[in-house]
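Spelled out, the chains give:
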Amino acid sequence: MPEDTKLSREPTEPAHEHHESSLTGYIVIWLILLAGTALTVIAARIDLGRFNAAVALTIATIKALLVALFFMHIKGAHEKLLKLVVISTIFFLFILLTLSMADYGTRTWS
Amino acid sequence: MSDSTVVGLHHEEQHHPELLHHFAEPQQQEDSASLGMWIFLGTEVMFFGGLFCAYLIYRLAYFGDFAAASQTLSWKLGATNTAVLICSSLTVVFAVYAAQQGKRTMLIGSLVLTIILGFAFLGIKATEYAEKFEKHHVPGPSFQFDNVPVPGHPDQMANRGHAQIYFALYFIMTGLHALHMIIGIGFFTWLLFAAWRGRFTPEYNTPVEMGGLYWHFVDIVWIYLFPLLYLIDLHK
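Peer 1: Hey, could you run me through the overall build of chain A in this one?
Peer 2: The number of helices and strands found in chain A is four helices and zero strands. Beginning at the N terminus, the succession of helices and strands in chain A can be written as α-α-α-α. Looking at chain A as a whole, 31% of its 110 residues are labelled buried.

Structure, rendered in structure tokens:
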């Protein structure tokens, strides 16, 4: 019994208690994502000069962040190591894109 | 829950049947699965990242031709498919919620809706692909892209070769994405089968969660593909 007492102090509550009241939250995120899609289309049809692509990518990134944080539960994730994996993924993608563009962007294309 | 049941969960003979013996407790097992899944998704990001990088380089080099080729696509179909995927992501979070709460009917319903939305996406994609074949916009010997003006420059015709690069990237990126959708639908069909047999409980629902992570990732890829492929210089 003394050994078992130690074990029984382990947290036994369900790990996903924060999901309990989250159905409304999910619907709110879903509506924002749909609105974001409409906004992308509207923004693409307005002439913003060179900022059209930047606006489209900003909206896409906000939508991707909402999906990752709330639908994929990075926000309030139980495993801390997981955040490190996500941040390193973004970091390596950043290296891939910026170093490639540093090369091709400084070449002279005819 | 009485104290004896809590203690009893930790006995070798009485632990949850889905808890593998090399894990101390269900939470550790679930965290390991989740971490592994995220590392896999990290490799997937780099996999698609290479294609996005190639797209970026050619788009900056041949912007006018890419805009001309992009405008042969229907942004309405692209936007519809974006909405379909966003709705399927909602049904997926509902499925994960239902599995965690032990709501079997809601779980089965959400999984069925997800699979239907997945097929709807692929159906729309197939119509688009068929149209490309009809218009000879598929890269290869029969590729045709002549006398298409560059948007904003009515007297300047798009370069056939550069437009072909756009369509090659279009087919590789959306094709790879569609392949991920097919694998996702396959996995969700298995989840539906397992859920039907009552395999998932509030204590054990890791496969539903992992399937959900995969599905959302595929959704995120499309969130980027839609503006990049369908909406180039649409205002011109």
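Once you've had a look at it, read on.
Peer 1: Would you mind going over the interface of chain A and chain B with me for this structure?
Peer 2: Where the parts come together, the accessible area they lose is often given as the size of the interface. Taken together, the contact between chain A and chain B spans 52 residues of the former and 54 residues of the latter. Buried surface at the junction of chain A and chain B, both sides included, amounts to about 4,700 Å², of which 78% is carbon and sulfur. Counting the contacts that link chain A with chain B gives zero salt bridges. There are four residue pairs in polar contact (both at pLDDT 80 or more) connecting chain A and chain B. Elements supplying a minimum of two residues to the side of chain A that touches chain B: helix H1 (2-8), helix H2 (23-45), helix H3 (52-71) and helix H4 (80-104) of chain A. Element by element, the count of residues in the side of chain A that touches chain B is highest for H4(A), at twelve residues. Tallied by class, the residues present in the side of chain A that touches chain B amount to 32 nonpolar, 13 polar and seven charged.

Peer 1: Mind showing me how you'd approach a nonpolar patch on the surface here?
Peer 2: Nonpolar side chains collect at one region of the surface, where A:Phe91, A:Phe92, A:Phe94, A:Ile95, A:Leu99 and B:Met46 lie side by side and expose about 600 Å² of accessible area between them. Sort the elements by how many residues they give to the nonpolar patch and H4(A) lands first, with five residues. Considering the arrangement of structural elements, one finds A:Phe92 in helix H4. Using a relative accessible area of 46% as the deciding quantity, one classes A:Phe92 as partly exposed.

Peer 1: Hey, could you run me through helix H6 (residues 160-196) of chain B in this one?
Peer 2: In an α-helix, one turn spans 3.6 residues; hence positions three or four apart end up facing the same way. Taking 1.5 Å of rise per residue, the 37 residues of H6(B) would be expected to cover 54 Å, and the 52 Å separating its terminal C-alpha atoms lies within 8% of that figure. Directly beyond the C-terminal end of H6(B), a positive phi value near 75° is found at B:Gly198.

Peer 1: Before we go on, may I ask you to explain the environment of B:Thr189 in this structure?
Peer 2: With respect to the secondary-structure elements, B:Thr189 resides in helix H6. For B:Thr189, a relative accessible area of 40% gives the class partly exposed.

Peer 1: Looking at this model, I keep getting lost on helix H4 (residues 75-101) of chain B. Mind explaining?
Peer 2: All names here are of chain B. Given a rise of 1.5 Å per residue, 27 residues ought to cover 39 Å, and the 39 Å separating the end C-alpha atoms of H4 matches this to within 8%. Burial of H4 is extensive: 20 of the 27 residues sit out of reach of the surface. Positive backbone phi, approximately 70°, marks Gly-102, located one or two places after H4.

Peer 1: In this structure, what is going on with the nonpolar core? I would like to understand it.
Peer 2: Side chains of a nonpolar character, in soluble globular proteins, are inclined to be buried together. By size, the foremost hydrophobic cluster in this structure holds 93 residues, and its most contacted members are A:Met72, B:Trp38, B:Leu107 and B:Tyr166. Excluding its chain neighbours within four sequence positions, the residues that come into contact with B:Leu107 are B:Ala95, B:Ala98, B:Ala99, B:Ala195, B:Phe200 and B:Val208.

Peer 1: Help me out: how do you make sense of the pattern of salt bridges in this one?
Peer 2: Pairs can form between side chains of opposite charge whenever their charged atoms are close. This model, assessed by the stated rule, comprises six salt bridges over all chains. Salt-bridge contacts for B:Asp233 lead to B:Lys236; the nearest nitrogen and oxygen are separated by 3.2 Å.

Peer 1: Honestly, unusual backbone geometry in this entry has me stumped. Any pointers?
Peer 2: Positive phi, close to 60°, is recorded for A:His73, a residue that is not glycine. For A:His73, the location among the structural elements is in the loop between H3 and H4. Phi at B:Asp233 is positive, roughly 50°, even though this residue is not glycine. If you trace the backbone, B:Asp233 turns up in the segment after helix H7 (206-230). By relative accessible area, B:Asp233 is classed as buried at 11%.

The rules behind each value
Residues numbered from 1 in each chain as written. Chains lettered and ligands numbered in written order. Predicted model: local features only at pLDDT ≥ 70, side-chain atom pairs only at ≥ 80, totals over all residues. Heavy atoms only, no water. Helix = DSSP H or I, 4+ residues; strand = E, 2+ residues; numbered from the N terminus. Buried < 20%, exposed > 50% of the residue type's maximum accessible area, 1.4 Å probe, protein only. Contact = heavy atoms within 4.5 Å. Buried area = accessible area lost by both parts, 1.4 Å probe. Salt bridge = Lys/Arg side-chain N within 4 Å of Asp/Glu carboxyl O. Polar contact = N/O pair within 3.5 Å; in protein donor to acceptor, adjacent residues only side chain to side chain. Nonpolar A, V, L, I, M, F, W, Y, C, P; charged D, E, K, R; others polar. Patch = residues over 30% accessible without salt bridge, like charges linked within 9 Å, V, L, I, M, F, W, Y side chains within 5 Å. Areas by Shrake-Rupley, 256 points an atom, 1.4 Å probe, with all protein chains shown as cover. Expected span 1.5 Å × (residues − 1). Core = buried A, V, L, I, M, F, W, Y, C linked by side-chain atoms within 4.5 Å.

Note that every value here comes from positions in space, so none of it alone points to a role or purpose.
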